[in-house]
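Each chain, letter by letter, is given below.
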Amino acid sequence: MEAMTNTVKAWMENPVKFARSHGVSVSPVEDEAQSEEEIHILIVEGFLLYNYRPLLDVYDKCYYIAVPYEECKKRRSTRKYTVPDPPGLFDGHVWPMYLKHRKEMEANCMNIEYLDGLKSKDELYEQVYEDIQNTLLNRL
């Protein structure tokens, strides 16, 4: 987590330099005035991201896809692992740990927008995209 925090902060210092140093092509800026107006967006995605305090200070937006117990259990049961889950793992460990970490997250991070995990990927994408667009428009 510390390494990820350092990576995110390095990106924040200079997104263009960071992208280029990691082999990501960046469109050239035509002039310096335009360069200052460029908007760079970094999406940080992963398990337990809102449970690590040093990262909480760098997020502008927080989204959390919530899935009810039955749907989560169903999805987990259809996943194919090299070593399958032993019987009772979901109810005995996975779900209780999810609840524990979600409770910690809710205590640490106040500006979370909850998304309905029963919606399609396209619907979730559109909802987040629209929210980010509105946020950017309101900054101007």
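Before any of the text, the structure's been laid out above.
If you're wondering where the values come from, they're calculated on a predicted model, not measured in any experiment.

Colleague: Looking at this structure, how should I read the overall build of the protein?
Modeller: Along the protein, the regular secondary structure elements total seven helices and two strands. The order of helices and strands in the protein, counted from the N terminus, is α-α-α-α-β-α-α-β-α. In terms of C-alpha radius of gyration, the protein reaches 19 Å, well past the compact-globule figure of 14 Å for 140 residues. Projecting the C-alpha coordinates of the protein onto the three principal axes gives extents of approximately 60 × 30 × 30 Å. Within the protein, buried positions represent 24% of all 140 residues.

Colleague: Would you explain the nonpolar core in this entry?
Modeller: If you look at soluble globular proteins, the nonpolar side chains tend to sit buried side by side. If you look at the biggest cluster of nonpolar residues, it comprises 17 residues, and the most contacted ones within it are Tyr50, Leu55, Tyr59, Cys62, Tyr64, Cys109 and Ile112. Counting residues per element, the ones that place at least two in this core are α4 (53-56), β1 (62-66) and α6 (89-108). Sorting elements by how many residues they give to this core places α6 first, with five residues. Excluding residues that lie within four positions of it along the chain, Cys62 makes contacts with Tyr50, Cys109, Asn111, Ile112 and Glu113.

Colleague: Just checking my understanding: could you explain the packing of aromatic side chains for this structure?
Modeller: The geometry of an aromatic ring pair comes down to the distance between the two centres and the angle between the two planes. For the structure shown, the criterion picks out seven aromatic pairs. Centroid distance Tyr50 to Tyr59: 5.5 Å. Interplanar angle 90 degrees. Geometry classified as edge-to-face. Here the two residues Tyr50 and Tyr59 agree in accessibility, since each one is buried. Each residue in the set Tyr69, Phe90, Trp95 and Tyr98 is aromatic and connected to the rest through ring pairs, giving one cluster.

Rules behind the numbers
- Residues numbered from 1 in each chain as written.
- Predicted model: local features only at pLDDT ≥ 70, side-chain atom pairs only at ≥ 80, totals over all residues.
- Heavy atoms only, no water.
- Helix = DSSP H or I, 4+ residues; strand = E, 2+ residues; numbered from the N terminus.
- Rg over C-alpha atoms; globule rule 2.2 N^0.38 Å.
- Buried < 20%, exposed > 50% of the residue type's maximum accessible area, 1.4 Å probe, protein only.
- Core = buried A, V, L, I, M, F, W, Y, C linked by side-chain atoms within 4.5 Å.
- Contact = heavy atoms within 4.5 Å.
- Phe/Tyr/Trp six-rings, centres within 6.5 Å; stacked < 30°, edge-to-face > 60°.

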